[in-house]
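Letter by letter, the chains look like this.
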Amino acid sequence: MLWVGTASVALALVVLAHLLVALGAMPSRWSTVSAQRSSDVEPLFVWDQVLSIDDERALSVLLLHADAPQRAPVPPGVDHFPRAGEAYVSPALAAALEADPRLAGRVPGAVVGVLAQDALVSPDQLRAVVGVADPGGLYSGVGWGATDVDTLGLLPVRQSQLVLTLLWGLPALVVLAACAQSHADQVRTHAARLRLVGASTPQVRELIRAYVARACLPAAACGAALGTALVVGLARTGLLGLAFFPTSVPMTVVLAVVAFGGTVAGITAWAALWSRAERSAAYQTVREVGGSRARWAPTAAAAGALLLVGMTAVRWLTADQRMAGGASSLAFLVGSAALVLGTALGVGSCVRRWSGRLQWRRLDVLLAWRQLAHAPTPLVVATFAMTAVATVLAVTFAVLQVLAGTTPGAAGAVWSASVAGSATPDARALVDAVGAGAVLEAVGDDEGVVWGTCTALGVVFGDVQAADGACVDGRTYAPGELVTAPFEEPPSFMGGHVQVRTVDPHTQALSTPAGSDIYVAAPMDDPSGTHSAILRAAPTATLTLLSADSSVLVVVPATERLTSRAALAGGILSLVAVLLAVTLSPAAAASERRLRRLGAGPTTLRRLAGSRAALTMLVAGVAGSVVALLVEQAYLALGSLYVVDGATAAGLVVVVAATTAVAALAGRVPTPRRGAAAIGRGSPDGA
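This report concerns the structure included in the present document. Note that the structure is a prediction, hence the values are computed from the model and not measured. (Residues numbered from 1 in each chain as written. Predicted model: local features only at pLDDT ≥ 70, side-chain atom pairs only at ≥ 80, totals over all residues. Heavy atoms only, no water.)

Moving on: the pairing of strand β3 (residues 57–65). With respect to burial, β3 is a largely interior element, seven of its nine residues being buried. Bridge count between strand β2 (residues 45–54) and β3: eight bridges; the pairing is antiparallel. Residue pairing in the sheet places Leu51 in a bridge with Ser60 of β3. In sequence, β2 turns back onto β3 through a hairpin of two residues, with Asp55 there showing a positive phi of about 50°. With seven bridges joining them, β3 and strand β6 (residues 126–132) adopt parallel strand pairing. Across the sheet, Ser60 pairs through a bridge with Arg127, a residue of β6. (Buried < 20%, exposed > 50% of the residue type's maximum accessible area, 1.4 Å probe, protein only. Helix = DSSP H or I, 4+ residues; strand = E, 2+ residues; numbered from the N terminus. Pairing = 2+ DSSP bridges.)

This is the structure in C-alpha cells:
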C-alpha cells in the first residue's frame, strides 16, 4: 500500500501542476487573441465583439470589417483576413451549431473554416471570427494582443488555484506525509539498530538513501509517468475539471520531474529527520515499534491554528467584502498546512503524554489506549487520513456555499439588450424578439425616449412614481415627472432625463432617431433562445443581466465543475490515506501475539482489536474534524461569507461516529493466526 500511496502522490502533483499552470496562462491567451485598439495611431481595421451565453458557456463573436486594407494584420487562427460573409468557428462552436441550429443566428455569415489552436483560450471555447460589411464601427484595431479586453466566462485565476490547492494539494500533502511517516518509521528502526552497534552517521545516511531508492523511486516514477499520460489524454476533454491545451513537451517533462523529485525529496527528508535519534535513545528506539517524536508538532499546529483564527477574526470584525489578496491566500495555505501536519504528528505525542493519566474501567479499552501510546504510528497515519477526508468534505461545502451566494437566477431574471448607435436596428424587430413585458429606450444626442407599461417599468427599474401619484398607463411623462423610488432616479438605462411613454411598445409605432443607442429589457425565461432572436434583429446586440454580473452565469457553473472534479480527486487521495492507515497493522499483530502467549483467548483478542480500532478512528476523526472546520471557516471568511457552518460540523460528527462504529466492527472480525504471525515477523518485536 505504501507503493500505491507514493505513486498516487506523484500522480496528483503532476496533474495539479498542469492545472495550476493552465489556469495561470488563460488570461494571457485571451489577451493574445484579442484585437488591440488605440486612438494614437492610424487604425488598420474596424471591429466589434459580441459576447453572449449558451448552455452556461460564453460565446464570443468577433466581427471584422471586411474592407480592411492589405496591410491589416491577419487574426490569429486563420490564414487570411475574413471576407464579408465568411465565418471561422472554433471546433466546440462547430459542434454546438450542429447540435443546436438556433445558435446560427449568433454567427452571421457562412461557416467556411475552423479556428486553429492559437486563436482559442481553451479547447471548449465557443468563438467565431466573422467578416461583415458593417460591424458597427465601435472600435479601431491596430493589431492583435490587447491588454484591456472584455472577457466573459474566464475563471478567476487566484481563487480557482486556491480551490485546486485545497482539494488536490492538501490531500496530496497528507498522503505524502502519511507515506513518509510510514517509511520513516521503518528507516528509524533500522537506523537505531545500526547506531546501537556503533554505526556512524554517514553509514546511517547511506542506509536512508538505499532504502529510499528501493522503496520510493519506482513508485514515484510510475506515478509521475501515469499522471503525465493522464494530462495528455484528458486535458482537452474537461474531465479533469478544466479543459486546457497541454503545455509544450519540455514544460510537461519539467513538471513531471518536479512532481517526481518533490515526492522523493519529501519522503527522503522525512526519513532523515526521524532517523536522527540520539545515541542515548537508541535502545529505546529499537524496542519501541515507532511513533511520532516531533516535539515541534504541537507548536506548528498551534501556530497554524492561530494564523487561521486570526485571519478569520480580522475579516469578521471588518466585514471585508473585497476579494482576498495573494498574501492572504498564501498565509491561509501556510496556516492550513502547518495545522494539518502539526495536528497529525502531535496526536502521537499527546496520546503518549496522557496515556498514564487517563484510567478506563474496561480493561480492553485501557490496553488499547496504552497500545496507541506505545505505538502511535497507526494513529498518526489514521489522523492524516481522517484529516484529508474531513478537509475535502468541509472545503467542498464551503466552496459551494460561496458560489451559491453569488449565483443569480437565470430563468425569469431581467435582461437587457443594448445596441450601439452606429448600428441602430429596427426597433420593432428588436422589441418583438424580446417578447412580452418589454421596456424600450432610445437615447440620441439631445433626447431620450422610453416606452413601457407601468408594470413593465416596475419590473425592470423597480417601483416607479409620478409627481402627482402613481404611474398611469397611456400617458406621456416629461423628463423628471416619473422617477423610481426611493432614490428618485429616472427610469432610464443610462440614467439620463428621458421622456417616458407608459404604453406597450408592441402596440405602438416606434420612431427612433438615426444613430441613437437602443436598449430593451424584459424578464426572459429562455435567455439563450431570446438572445438568438435578438441577434437576428441586431447582430451586434449585447445581452446583459441587470440584477447581477452576467458572467457569473458562466463562471459559477465552471467553478462548480472544477470543484466537483477536484473534490473527487481529493476523495480518492483520502481513500488512499485511509487504506494506508488500515494496512499499518504490524504493531497490532505483535501485541496480539504477545497476549496470545500470555494465554488470552480469541474473544479477548477480538474485543481488544475492536477497541483499539475504534479508539484510533475516534481520536483521528475528532482531530481531523477540528482541523477541517478551522480551515473551512477561514476559507469562508476569505470568500467574504461570514457564517458559522453548523451543517458541515454536524455532518462531520456523523462521519466520525460512523467511521468509529465501522472500525470497531471491523476490528472484531477474526483473522487467521498465520496472517498475524506473518505480519508480526516484519515488526521490531519479532526481531
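Now that the structure is up, let's keep going.
What follows covers the state of the cysteines. Taken as a whole and assessed by the stated rule, the structure comprises one disulfide. One disulfide bridge connects Cys454 with Cys471, the sulfur atoms lying 2.0 Å from each other. Negative torsions about the S-S bond denote left-handed disulfides, and the value of about -75° found for Cys454 with Cys471 makes this one left-handed. One end of the pair, Cys454, is in helix α13 (residues 454–461); the other, Cys471, is in the loop between β12 (469–470) and β13 (476–477), and 17 residues separate them in sequence. For Cys454, a relative accessible area of 12% gives the class buried. Cysteine Cys179 remains unbridged, with the sulfur of Cys216 as its closest cysteine sulfur at 8.5 Å. Its relative accessible area of 1% is what places Cys179 among the buried residues. (Disulfide = S-S within 2.5 Å.)

Let us now look at the sheet that holds β12. Taking strand neighbours across the sheet as the criterion, the three strands line up as β12-β11-β14 in an open arrangement whose pairing is antiparallel. Edge strands, defined here as strands with exactly one partner in the open sheet, are β12 and β14 (482–484). Two elements, strand β11 (residues 464–466) and β14, share three bridges in a ladder whose sense is antiparallel. Residue pairing in the sheet places Val464 in a bridge with Thr484 of β14.

Relative to the helices and strands, Asp645 resides in the loop between α17 (602–638) and α18 (646–667). For the buried Asp645, no salt bridge exists, and the shortest N-O distance to an oppositely charged side chain is 16 Å, to Arg315. Among the polar contacts listed, one links the side chain of Asp645 to the side chain of Gln401, at a separation of 2.8 Å. Beyond its immediate stretch of four places on either side in the chain, Asp645 contacts Gln401, Glu632, Gln633 and Leu636. (Lys, Arg positive; Asp, Glu negative; His and termini not counted. Salt bridge = Lys/Arg side-chain N within 4 Å of Asp/Glu carboxyl O. Polar contact = N/O pair within 3.5 Å; in protein donor to acceptor, adjacent residues only side chain to side chain. Contact = heavy atoms within 4.5 Å.)

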